Structure formats: structure tokens, C-alpha cells
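# Structure at a glance
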Amino acid sequence: MADLQKAEIVGTPALEGTYIGEMDMWPFECQEFNRIYPFYDNLKEGKFTTTKCKDCGYTAFPPGVICPSCWSENLEWVELPKKAKVVCLTETQAGAPIGFPSPLIMAWLTFGEDTPLKHLLGRIINCKEGELKEGDEVQFVVFDVPSHPIDVKRETKICDRVFYAFEPVK
Ligand SMILES: [Zn+2]
């Protein structure tokens, strides 16, 4: 029963349990459904990671299961920097997509020259409207995402889920 109550709040609380799976905007993160599940396992430990090719050295983001540079499947998981600077940003104060509270803040981030991940369009949370400015420092943060039951072979399973964003460094 507790599982069903949990299922009713997936992603889009306004729908009150309707279209549970179809309206879920977050990835299936468990091993049975996702070949980059280590990315989410690492998130749960507070680590920001991606895949690096052991053959040619190319680091890709988002992580994948083959190297986009040489097509090798010989990859390893490496950590990425957790702090970035805001290059520019947008704040959606009204009409944010369903499931996202206002303001929905998206920022173009720069991680500097000494990292394979130079830039990223990231979501900013824990931030009030008008608080974030260009040039401000932000840090990586992990937050919980609602789960819902999924059928895996003959069992019904609920996988805990998380996702990442960035927040202002106070
Ligand atoms: Zn490669």
C-alpha cells in the first residue's frame, strides 16, 4: 500500500496518479533498464561521473556505452568537477513545464580549461528568483526523484531514483 501511495506522486503531482509511467520525465535508473546505471549509482554516493575511453582517451558527457570518438566499448568511469561558473542564465518565472516549480532556472556553465567537461547547460535549484548572476559560482547537488513500481520479469520492483542539478555556492 505504501508503494502505491508513492506511485501517485511521480513527476507530475498535478495529475494525481493519472498516466503514471507515460508522464514520468525521469530515466529508469536501475540495472535492468539502463546500461549507464553506474552513473546513477554514483550520483547516489554524491559523485558526478562520466565515461572515458580506455583506448583513445576521449571523455564523453553524457556518459554512454560506446566511445563516440572511436566506437570502442572499453570504457571506464571517471569523476567530473563539481564546481562551475555561470556564463549566462534564464529564469522561467511562469509557465514552467509541468512537474517543475517556478522559477525554473537553467544556466550555461563553464568548468574551466583543466577538465574534459568544459561546458554544460545545467538546472539550478535551491535558488530564489533574481539571486543568481553571471560569473557566480555554483556547485553540483543531487536530489531525490519519485519512483514508481516497474515489472522486472515476474517481480514488481521499486528503484530509488536521484538526479543532479547545481546550486549557488553561498
Ligand atoms: Zn575512444
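Summary of the structure given here. (Residues numbered from 1 in each chain as written. Predicted model: local features only at pLDDT ≥ 70, side-chain atom pairs only at ≥ 80, totals over all residues. Heavy atoms only, no water.)

### Considerations on the overall build of the chain
The helix and strand tally for the chain stands at two helices and ten strands. Reading the chain from its N terminus to its C terminus gives the helix and strand order α-α-β-β-β-β-β-β-β-β-β-β. Buried residues in the chain amount to 36% of all 170 residues. Counting only contacts in the chain whose residues sit at least 6 apart along the sequence, the fraction spanning at least 24 positions is 53%. Here the chain displays about 10200 Å² of accessible surface, and carbon together with sulfur accounts for 51% of that area. (Helix = DSSP H or I, 4+ residues; strand = E, 2+ residues; numbered from the N terminus. Buried < 20%, exposed > 50% of the residue type's maximum accessible area, 1.4 Å probe, protein only. Contact = heavy atoms within 4.5 Å. Areas by Shrake-Rupley, 256 points an atom, 1.4 Å probe, with all protein chains shown as cover.)

### Observations regarding the pattern of salt bridges
Under the defined criterion, the tally for this structure stands at three salt bridges. Its salt-bridge partner being Glu45, residue Lys47 comes within 3.4 Å of it at the nearest N-O pair. What makes Lys47 partly exposed here is its relative accessible area of 30%. Notably, a salt bridge pairs Glu131 with Lys170, separated by 2.8 Å at the nearest N-O pair. Taken together, the positions of Glu131 in the loop between β6 (119–124) and β7 (137–145) and Lys170 in the segment after β10 (161–168) put the pair 39 residues apart, joining distant regions of the chain. (Salt bridge = Lys/Arg side-chain N within 4 Å of Asp/Glu carboxyl O.)

### Notes on the coordination of the zinc ion
Coordination of the zinc ion by the protein is provided by Cys53 (SG), Cys56 (SG), Cys67 (SG) and Cys70 (SG), with metal-donor distances spanning 2.3 to 2.4 Å. Around the zinc ion, the four donor atoms sit at angles spanning 105 to 115°, and that spread fits a shape best called tetrahedral. One chain supplies every donor to the zinc ion, and in sequence these donors are spaced C-x2-C-x10-C-x2-C. A residue pair is termed long-range when its members are at least 10 positions apart, and Cys56 in the loop between β1 (49–53) and β2 (59–60) and Cys67 in the loop between β2 and β3 (75–79) qualify at eleven residues. (Donors = N, O, S within 2.8 Å, 3.2 Å for Na, K, Ca; no water. Tetrahedral: all angles 85-135°; square planar, octahedral: opposite > 155°, others 65-115°.)

### Concerning the environment of Met106
Its place among the elements puts Met106 in strand β5 (residues 104–110). Counting along the chain gives 20 residues from Met106 to Val86, while the straight-line C-alpha distance between them is 9.8 Å. If sequence neighbours within four positions are ignored, Met106 has contacts with Cys88, Leu89, Thr90, Leu121, Gly122 and Arg123.

### Some points on the pairing of β7
As judged from the three bridges shared by strand β4 (residues 83–92) and β7, these two strands associate in the antiparallel manner. Note that in β7 the partner of Ala84 across the bridge is Val138. Pairing between β7 and β10: eight bridges, direction antiparallel. When the bridges of β10 are listed, Val141 appears paired with Ala165. (Pairing = 2+ DSSP bridges.)

### Some points on the pairing of β5
As paired elements, β4 and β5 share seven bridges and run antiparallel to each other. Across the sheet, residue Thr92 finds its bridge partner in β5, namely Leu104. The pairing of β5 with β6 spans six bridges and is classified as antiparallel. Along β6, the bridge assignment pairs Thr110 with His119.

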